[in-house]
Amino acid sequence: MARKILTVVGARPQFIKAAVLSAALRQVATEVLVHTGQHYDQNLSRVFFDQLPLPTPDVALGVGSGTHGEQTGEMLKRLDPVIQREQPDWVLVYGDTNSTLAGALAAAKLQVPVAHVEAGLRSYNRAMPEEVNRVLTDHLAARLYCPAPFAARQLALEGITQGVSVVGDVMDEALALVPERPASWLGTLGLQAGGYHLATVHRQENTDDGRRLAAIITALGTLPGPVVWPMHPRTRARLDQAGSHLPAGIRVVEPVGYPESLALIRHARAVVTDSGGVQREAGLLGVPCYILRTETEWLDLLEGGHAVLVPEPGDLAAAMASGQARGQARSAATGVAAAIVSDLIQA
Ligand code: UD1
Ligand code: UDP
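Presented here is a report on the structure given in the accompanying data block.

### Quick notes on the packing of helix 1 (residues 12-28) against helix 15 (residues 336-346)
In step 1: The N-to-C vectors of helix 1 and helix 15 enclose an angle of 40°; their axes lie 9 Å apart at closest approach. For the element pair helix 1 / helix 15, the angle class is oblique. For helix 1 against helix 15, the interelement crossing comes out right-handed. Residues V20, L21, A24, L25 and V28 of helix 1 touch helix 15, and the partners they reach there are A337, I340, V341 and I345.
In step 2: Residues that form the contact of helix 1 with helix 15 fall into these classes: nine nonpolar, no polar and no charged.

### Here we look at the site of ligand 2
In step 1: Taken together, 18 residues lie around ligand 2, and V256, S261, S275, G277 and E281 are the ones closest in.
In step 2: Separating an oxygen atom of ligand 2 from a side-chain N or O atom of R12 is a distance of 2.9 Å.
In step 3: Here G276 contributes a backbone N or O atom positioned 2.8 Å from an oxygen atom of ligand 2.
In step 4: Considered on its own, ligand 2 offers 540 Å² of accessible surface; in the complex 95% of this is hidden by protein.
In step 5: Of the residues assigned to the shell around ligand 2, the class counts are nine nonpolar, six polar and three charged.

### Description of the site of ligand 1
In step 1: In the neighbourhood of ligand 1, 19 residues make up the surrounding shell, with H39, N98, E130, H202 and R234 lying closest.
In step 2: Measuring from an oxygen atom of ligand 1, one finds a backbone N or O atom of N98 at 2.8 Å.
In step 3: At 2.6 Å, a side-chain N or O of E130 approaches an oxygen atom of ligand 1.
In step 4: Here ligand 1 has 750 Å² of accessible area as a free molecule, and 87% of this is covered by the chains.
In step 5: Elements with a minimum of two residues in the shell around ligand 1: helix 3 (68-86), helix 5 (129-140) and helix 10 (233-242).

Rules behind the numbers
- Residues numbered from 1 in each chain as written.
- Chains lettered and ligands numbered in written order.
- Predicted model: local features only at pLDDT ≥ 70, side-chain atom pairs only at ≥ 80, totals over all residues.
- Heavy atoms only, no water.
- Axes fitted to C-alpha atoms, helices over the stretch in contact; angles between N-to-C directions.
- Helix = DSSP H or I, 4+ residues; strand = E, 2+ residues; numbered from the N terminus.
- Parallel < 35°, antiparallel > 145°, perpendicular 65-115°, else oblique.
- Left-handed = near helix turned anticlockwise from the far one by under 90°.
- Contact = heavy atoms within 4.5 Å.
- Nonpolar A, V, L, I, M, F, W, Y, C, P; charged D, E, K, R; others polar.
- Near = heavy atom within 4 Å.
- Polar contact = N/O pair within 3.5 Å; in protein donor to acceptor, adjacent residues only side chain to side chain.
- Areas by Shrake-Rupley, 256 points an atom, 1.4 Å probe, with all protein chains shown as cover.

Below, the structure is given as structure tokens:
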């Protein structure tokens, strides 16, 4: 009988990653797609199901927003009966969100083996909710799919060597999922290829500290030319609360879909971000990337000179002026989905 895989997703980057695997998975196994409801706005959730080869979720838990405890707890509560009813052979989780941890923990407690895509990444900063989520998920997982050798080495340092494989970065393959928007599409935002900077900022450590968010806005305001900023609702909520006014050069737009996001990255002069996925995509497309964080999990981007860390927002303009990020295209991993699916159905 075909293997049954229960996939748990809930946040924007997970819809993209799951779209890479879902079609391949459904050719050889039964997939039950569970959407926790962590992201629920049309432009953070529905748009990706409309744009990407990702089926409508079989189960929608509708958890929504809350504190970490409320959100994760509610997911656990609602996942339990679904896993018990479906009796999957594996629960498959992606990345490092609260949906990832809830999926892994619910499964492990019900003695269903867990497979983790994007295993072994570490910031070694436990103040990040994502670090807690990924460490715990890796320690619960029986199959760990690493994007690069350094991630497998990091797992080994924690004593995790069984079930680990280096398959490449699933986000690389996502680029081939749908055609990117052409450069002419930028005109709908009043932009021209090479004539703007792209900013995305949504991490808790950048948004929830009002002074730091204000420093980021000031820094973006000093960059030449327009800065287009598809704004995550978390960031918008913080700015609304603070009653902040943005400098004239910053153009806030609603979060965009995936082919639009790729076009914005590809044609930007440079990208300023705290997003994991946007870092990867900038590196792949050869666009210089400035990371508004004190560390990144993606060590290969730093080593390759694709990206530089800018821990202090006030240093952004100087880092850019000295051209610290080289913006050479990175070669894409291939066969990632095929490797994961083939391993999972034989495991
Ligand atoms: C989450 C992940 C983060 C990931 C990001 C991808 C955790 C701990 N964080 O962060 O790792 O990089 O998703 O985008 O899992 N909100 C809305 N509409 C929505 C969703 C959220 O308005 O559809 C607002 C709510 O005010 C909510 C806030 O955004 O409280 C934060 O949402 P949440 O899902 O908790 O975390 P993200 O910041 O999206
Ligand atoms: N993205 C998108 N629309 C946007 C901003 C980002 O489609 O307005 C895409 C981006 O290209 C990448 C993924 O979303 O593929 C990254 O998600 P996000 O930054 O929310 O989360 P992270 O990767 O940091 O967990």
